[in-house]
Amino acid sequence: MPLVDGGSRITNYIVEKRESTRKAYSTVTTNCQKCSFKVPNLAEGCEYYFRVLAENEYGIGEPAETTEPVKASEAPSPPESLNIMDVTRNSVSLAWPKPEHDGGSKITGYVIEAQRKGTNQWAHITTVKTLDCVVKNLTENEEYTFQVMAVNSAGRSAPRESRPVIIKEQTMLPEFDLRALYQKTVIAKAGDNIKIEIPVLGRPRPTVTWKKEDQILKQTQRVNYENTATATILTINECIRSDSGQYPLSAKNIVGEVKPSDAITCRDDIEAPRIKVDAKYKDTIVLKAGEVFRLEADVSGRPPPTMAWTKGEKELEDTAKLEIKIADFSTILINKDSSRRDGGAYTLTATNPGVTAEKCVLSWLPPLDDGGAKIDHYVVEKRETSRLAWTSVGTEVPVTKLKVTKLLKGNEYVFRVMAVNKYGVGEPLESEPILAVNPYVPPDPPKTPEVTAITKDSMVVCWGHPDSDGGSPITNYIVERRDKTGLRWVKCNKKVVTDLRFKVSGLTEGHEYEYRVMAENAAGVSQPSPTSPFYKACDTVFKPGPPGNPRVLDSSKSSITIAWNKPIYDGGSEITGYMVEIALPEEDEWKIVTPPMGLKATSFTITDLKENQEYKIRIYAMNSEGLGEPALVPGTPKAEERMLPPEIELDAELRKVVTIRALKWTREHGESLDRASIESTSSYTLLIVENVNRFDSGKYILTIENSSGSKTAFVNVRVLDTPGAPQDLKIKEVTKSSVTLTWEPPLIDGGSKIKNYIVEKRESTRKAYSTVNANCHKTSWKVDSLQEGCNYYFRVLAENEYGIGLPVETSESVKVSERPLPPGKITLLDVTRNSVTLSWEKPEHDGGSRILGYIVEMQSKGSEKWSTCATVKVTEATITGLIQGEEYTFRVSAQNEKGISDPRQLGIPVIAKDLVIPPAFKLLFTTFSVLAGEDLKVDVPFVGRPKPAVSWHKDNVALKQTTRVNAESSENNTVLTIKEACREDVGSYLVKLTNSAG
């Protein structure tokens, strides 16, 4: 309560508030009866001053005000959880997420406390700024509970407790993570380096041992392994065939020993055959009959390929005339005594399937001892390891290589080879057991699919290559989708897909879909890829682009006025407003200065700024998706008055002391001085204009007068400001897609040279202007790419070093159109002795504006003057008042609001005279039938000029017309009508036409 109540009881208190960024207080309540009050509806995070005033029957007393601003915030909410990440014999690792709400004030740290089991006291451990903490120096085998509290400027949050934990060293059975090894198999080419890294888990750290087959792996410089804190790494440098095999490994600690269920297998890679030939074989080889030609080739591949020469579709064999030499990695074909029939295409085929599920390729070396005679051939046999009997594969094999076919998939075979000379069959050489399986496996799953483009009924799905193709090229990808409302996966592609993307169509608008992809090779289909997130089938809407041409229009010591243009790209959704933010140049904390719902206009005055302080200003556009990219106002505008000290030049006479009877200030062109304040004494005069703008520039004239005469002086005032509006904006030329503008420079240049002009346009149906050219250096500009037939407004703004000035705008909208094309083909419909009837086609193009009418002109023979004879709105006209026998030429022009087209002329002159055409019938039928009692109507078309006289006869007697039987004639037909026909109407009817021509 106040110490002094003013001699009257306090009736109530008045509570007021103001934001720290504003100067004016606003009333919270005017009728508080207590000495406390809760001020509601404050903006979270804002700082406020408060003041209280007491009121008695004599009025409101002096206020009591808070000395410092109060931030409207509260303690944050606690972190969602406190997690135990690791435990040792004397420490615990803790981690937690950020609180859901920071209370309106930045989180400054987190307080960690601990409570030992059996006590009620919480001990402070530490305060950290991160989201994790290691608590050390704990007592082994004791049970602890931990709690964390978030701290901001308003205080601490409620605590979040962890689960109880006993402090002791954790133990865990060893474990290997073999997920990175596909089917626990490593495939490499001879000479490659192999590095196998396997993560190892276990507490305490396990000891890892490697073996090859059943023997401890002997470490050398080339083959060795290394154990780290989290993994074991096997390295084989420049691998060779003998490195193939199984590599079992084991891990052991105090908890136990673990061995993977399968050993890791290293085996040879398969290399596809490649044929290398000399470049000369790419051209046709020409030689004479009787000459010898040689074809040579080198071949590579693993295992060594099998080679065959063919001509046409026939495989060639080694003969005396055609010699074929084949080594492991090369071949030569020699043709002796060439003749015409030896010409043609020779094809070399190299294959190395190695072992597959159906066949294998065997190769061997000749025996070291040939038994004293030449080796004639070899005998090859096979047997399944589950059987004892050998079966013959080849009885007379001439070379040291053979392809064995018709193997059974999955069976294990042993092969043996025996050399044969003239003395008999030698000892056999047996192979190792071989399993008849494909050397490749199904590929790894593709990478997680993503959707890159979405419409209401389609999506484009993309994915990454599998880590491994399984040793066989990927031939197809299978894309599947599942609706969020269903359970079944549906295949999307009916055709083969080899690309890493596929457009899925036929989706239902508004439904959500997830996708997975499988890869396929010769061995089969992979496991499905990880499932994608759900994507909604709808036309995509994006956030808008940045506003265009952000600029400063004006400034004062406490405000800056800015303007901008609508974004070029609205993201596919209508712009709903704009938001403006400011920040100090050296800071990154931005403050919103516009209303919460945003601005509708494209200009804004930022108020309550600090005088002479520079600011960073940026503008966002908003649509239904949210805020787009910001546009930064160039530079760092300063809150300052824009002014220039006046300059005055006075002659020496005015510097003398004179006695003044009258004194008057005026402006050169009679502008008003209502905003000026004038102070005068006997020795000086002072004219003051506050808050000057560009219109205050000019010549100020001072006139002083006394009994001795009068004297005039002037002061030239130049106000540095943005320019005034350009003058005399005119439309110089309009076409169907462009408008040419011209204008004059502004009368007021703002005290600085005009740098450039900004040309803008807007459709008459819209409110916002868009920039056509922001850097025009001329006083004219052709605005092109306009939409034909649309109405546009245009405006031009001048720019100097102080910014962009006022606009000059076209007073009326301009329709983008031009004169129409000439009418189409003109047709002469009729001619009489004093008239002509014409018709014509519409113009191919109306110039972007509706055709208002057509002008028909005529020219008499021998005259050069065209005279208008008709103006019509339809495509036909009859011109009357012609002179019989005169020859006339006619032409027609189309007219729209932009003008008259070029004329289209009738191809031939017309003579005004009656046409004379002998009568002629156009009757299709001459016999008509009708049932008794029914009506009959016979229509007889005819031509004839002048109009023929028509007479009807029945059975060579003039037809007697009655109400039941009568005939009517017009310009071009006659119609005989018989009502309720009867037998007596049967007969031959004759119609006769007569005119001056016949």
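Quantities reported herein were computed from a predicted structural model and do not represent experimental measurements.

Asker: I'm lost on the overall build of the chain in this one. Help?
Answerer: What the chain contains, in helices and strands, is zero helices and 85 strands. Across its three principal axes, the chain shows a C-alpha extent of roughly 145 × 140 × 80 Å. Evaluated residue by residue, the chain yields a buried proportion of 37% over its 998 residues. Accessible surface computed for the chain: about 60300 Å², of which carbon and sulfur atoms make up 49%.

Asker: How should I be thinking about the sheet that holds strand 24 (residues 256–258) in this particular structure?
Answerer: Neighbouring strands of a sheet are bound in pairs by backbone hydrogen bonds; such pairs are parallel or else antiparallel. Taken together, the four strands give an open sheet; going across it, the order is 19-18-23-24, and neighbouring strands pair in antiparallel fashion. Two strands bound the open sheet, and with one partner strand each, they are strand 19 (215–216) and strand 24. The pairing of strand 18 (residues 207–212) with strand 19 spans two bridges and is antiparallel. Bridge pairing links Lys 212 to Gln 215 in strand 19.

Asker: Even after reading the chapter, I still don't get the confidence of the model for the chain, so can you show me in this structure?
Answerer: In regions of low pLDDT, the predicted coordinates are not meant to be interpreted in detail. Per-residue pLDDT for the chain has a mean of 85; in total, 95% of the residues score no lower than 70. Looking across the chain, the model is least confident in strand 56 (residues 647–648), with a mean pLDDT of 46, and most confident in strand 42 (residues 476–483), with 95. Counting contacts from residues 644–648, a segment whose pLDDT is below 50, to residues more than four positions away or on other chains yields seven contacts.

Asker: Please explain unusual backbone geometry as it appears in this structure.
Answerer: Omega for the peptide link from Arg 203 to Pro 204 comes to -5°, which places this bond in the cis form. If you trace the backbone, Pro 204 turns up in the loop between strand 17 (194–203) and strand 18. For Asn 41, which is not glycine, the phi dihedral falls at a positive 60°. Looking at the element boundaries, Asn 41 is found in the loop between strand 2 (26–32) and strand 3 (47–56). Phi at Glu 980 takes a positive value of approximately 50°, unusual for a residue other than glycine. Its location among the elements puts Glu 980 in the loop between strand 84 (973–978) and strand 85 (989–994). What makes Glu 980 exposed here is its relative accessible area of 55%.

Asker: Is there a simple way to explain the pairing of strand 32 (residues 346–351) in this structure?
Answerer: The two faces of the sheet receive side chains in turn, since in a regular strand these alternate between them. Only one face of strand 32 is covered, namely the one carrying Tyr 346, Leu 348 and Ala 350; the face carrying Thr 347, Thr 349 and Thr 351 has none of its residues buried. In the sheet, strand 28 (residues 306–311) pairs with strand 32 via six bridges, with the strands oriented antiparallel. Counterpart to Thr 306 in the pairing with strand 32 is Thr 351.

Asker: Help me understand the pairing of strand 40 (residues 450–454), please; the structure alone is not making it clear to me.
Answerer: Of the strand pairs in this sheet, strand 40 and strand 41 (residues 458–462) are connected by four bridges, and their pairing is antiparallel. Each residue of the ladder has a partner; that of Glu 450, found in strand 41, is Cys 462. Connecting the antiparallel pair strand 40 and strand 41 is a turn made up of three residues.

Asker: In this structure, what is going on with the sheet that holds strand 29 (residues 314–315)? I would like to understand it.
Answerer: Reading across the sheet, the three strands line up as 29-28-32 and stay open at both edges, with antiparallel pairing between neighbours. Across the chains shown, the open sheet's two edge strands, defined by having one partner strand only, are strand 29 and strand 32.

Asker: Hey, could you run me through the pattern of salt bridges in this one?
Answerer: Opposite charge on two side chains permits them to pair, given that their charged atoms come into close proximity. Following the criterion strictly, the structure yields 25 salt bridges and no others. Between Glu 323 and Lys 336 there is a salt bridge, and its shortest N-O distance comes to 3.8 Å. With Glu 323 in strand 30 (residues 322–326) and Lys 336 in the loop between strand 31 (330–335) and strand 32, the pair connects residues that are 13 residues apart, well separated along the chain. Its relative accessible area of 23% is what places Glu 323 among the partly exposed residues. The shortest N-O distance in the salt bridge between Arg 795 and Glu 760 comes to 2.6 Å. Pair noted here: Arg 795 is in strand 67 (residues 791–800) and Glu 760 is in strand 64 (residues 756–763), with a separation of 35 residues, a long-range link. By relative accessible area, Arg 795 is classed as buried at 19%.

Asker: What am I meant to see in the environment of Glu 818 here?
Answerer: Tracing the chain through its elements places Glu 818 in the loop between strand 69 (814–815) and strand 70 (826–831). Placed 291 residues apart in sequence, Glu 818 and Gln 527 show a C-alpha to C-alpha distance of 66 Å. Aside from chain neighbours lying at most four places away, what touches Glu 818 is Val 734, Thr 735, Lys 736, Asp 846, Gly 847, Asn 896 and Lys 898.

Asker: Which parts of the structure should I look at to understand the UniProt feature "domain: Fibronectin type-III" (unreviewed entry) in the chain?
Answerer: Residues annotated by UniProt as "domain: Fibronectin type-III" (unreviewed entry) correspond here to residues 1–75, 78–170, 344–439, 445–540, 546–642, 725–819 and 822–915. Here residues 1–75 runs as 0% helix and 45% strand, with 30 Å between its end C-alpha atoms. Helix makes up 0% of residues 78–170 and strand makes up 46%, while its end C-alpha atoms are separated by 29 Å.

Asker: What exactly am I supposed to notice about the side chain of Glu 381 here?
Answerer: Mapped onto the elements, Glu 381 comes out in strand 34 (residues 377–384). Within the structure, the side chain of Glu 381 is placed 2.7 Å from the side chain of Arg 416, a separation counted as a polar contact. Sequence-distant contacts of Glu 381, defined by excluding residues within four places in its chain, comprise Trp 390, Thr 391, Ser 392, Val 393, Val 414, Phe 415, Arg 416 and Met 418.

Asker: I keep staring at the side chain of Glu 16 and nothing clicks. Help me out?
Answerer: Looking at where Glu 16 falls in the secondary structure, it is placed in strand 1 (residues 12–19). Judged by relative accessible area, which is 12%, Glu 16 ranks as buried. Here Arg 51 takes part through its side chain, which lies 2.6 Å from a polar atom of the side chain of Glu 16. Once residues lying within four places of it in the same chain are set aside, the contact partners of Glu 16 are Tyr 25, Ser 26, Thr 27, Val 28, Tyr 49, Phe 50, Arg 51 and Leu 53.

Asker: Would you take a moment to explain the packing of aromatic side chains for this structure?
Answerer: When we look at a pair of aromatic rings, we describe it by the centre distance and by the angle of the planes. Throughout the structure, instances matching the rule amount to 13 aromatic pairs. The interplanar angle of 20° and the centroid separation of 6.1 Å between the aromatic rings of Tyr 144 and Phe 146 together place this pair among those described as stacked. Under the relative-accessibility criterion, Phe 146 is labelled buried at 0%. Here the guanidinium or amino end of Lys 484 rests over the ring plane of Phe 534, the centre of that ring lying 5.2 Å away. For the cation-ring pair, Arg 891 lies above Trp 866, with the distance from its terminal atom to the ring centre recorded as 4.2 Å.

Asker: Before we go on, may I ask you to explain the nonpolar core in this structure?
Answerer: Among soluble globular proteins, nonpolar side chains are generally buried collectively. By size, the foremost hydrophobic cluster in this structure holds 20 residues, and its most contacted members are Val 836, Leu 838, Trp 840, Val 856, Ile 879, Leu 882 and Phe 890. Contributing elements (two or more residues each) for this core: strand 70, strand 71 (836–840), strand 72 (853–860), strand 73 (867–872), strand 74 (876–879) and strand 75 (887–896). Here this core gets four residues from one element, more than from any other, and that element is strand 75. Ignoring any residue separated from it by four or fewer positions in sequence, one finds Leu 838 in contact with Thr 827, Leu 828, Leu 829, Val 856, Thr 875, Glu 876, Ala 877, Ile 879, Phe 890 and Leu 906.

Asker: Looking at this structure, I do not really get the state of the cysteines. What am I missing?
Answerer: A full pass over the atoms with the stated rule returns zero disulfides. Not engaged in a disulfide, the cysteine Cys 32 finds its nearest cysteine sulfur in Cys 35; these two sulfurs lie 7.6 Å apart.

Asker: Got a minute to help me understand a nonpolar patch on the surface in this structure?
Answerer: A cluster of nonpolar residues, Leu 173, Ile 254 and Val 255, forms a patch on the protein surface that exposes about 290 Å² of accessible area. Here Leu 173 shows up in strand 15 (residues 172–176). Residue Leu 173 is classed as partly exposed on the basis of its relative accessible area, which comes to 42%.

Asker: How should the environment of Glu 175 be read in this particular structure?
Answerer: Locating Glu 175 in the fold gives a position in strand 15. The spatial distance from the C-alpha of Glu 175 to the C-alpha of Val 258 is 6.8 Å, given a sequence separation of 83 residues. Once residues lying within four places of it in the same chain are set aside, the contact partners of Glu 175 are Pro 199, Val 200 and Leu 201.

Asker: Can you help me understand the environment of Glu 412 in this one?
Answerer: Counting through the fold element by element, Glu 412 comes out in strand 37 (residues 412–421). By relative accessible area, Glu 412 is classed as partly exposed at 33%. Sequence separation between Glu 412 and Ile 14 is 398 residues; the distance between their C-alpha atoms is 101 Å.

Scoring rules and cut-offs
- Residues numbered from 1 in each chain as written.
- Predicted model: local features only at pLDDT ≥ 70, side-chain atom pairs only at ≥ 80, totals over all residues.
- Heavy atoms only, no water.
- Helix = DSSP H or I, 4+ residues; strand = E, 2+ residues; numbered from the N terminus.
- Buried < 20%, exposed > 50% of the residue type's maximum accessible area, 1.4 Å probe, protein only.
- Areas by Shrake-Rupley, 256 points an atom, 1.4 Å probe, with all protein chains shown as cover.
- Pairing = 2+ DSSP bridges.
- pLDDT = per-residue confidence, 0-100.
- Contact = heavy atoms within 4.5 Å.
- Salt bridge = Lys/Arg side-chain N within 4 Å of Asp/Glu carboxyl O.
- UniProt positions renumbered as here; feature names shortened; annotations may be inferred.
- Polar contact = N/O pair within 3.5 Å; in protein donor to acceptor, adjacent residues only side chain to side chain.
- Phe/Tyr/Trp six-rings, centres within 6.5 Å; stacked < 30°, edge-to-face > 60°.
- Lys NZ or Arg CZ within 6 Å of the ring centre and 35° of its normal.
- Core = buried A, V, L, I, M, F, W, Y, C linked by side-chain atoms within 4.5 Å.
- Disulfide = S-S within 2.5 Å.
- Patch = residues over 30% accessible without salt bridge, like charges linked within 9 Å, V, L, I, M, F, W, Y side chains within 5 Å.

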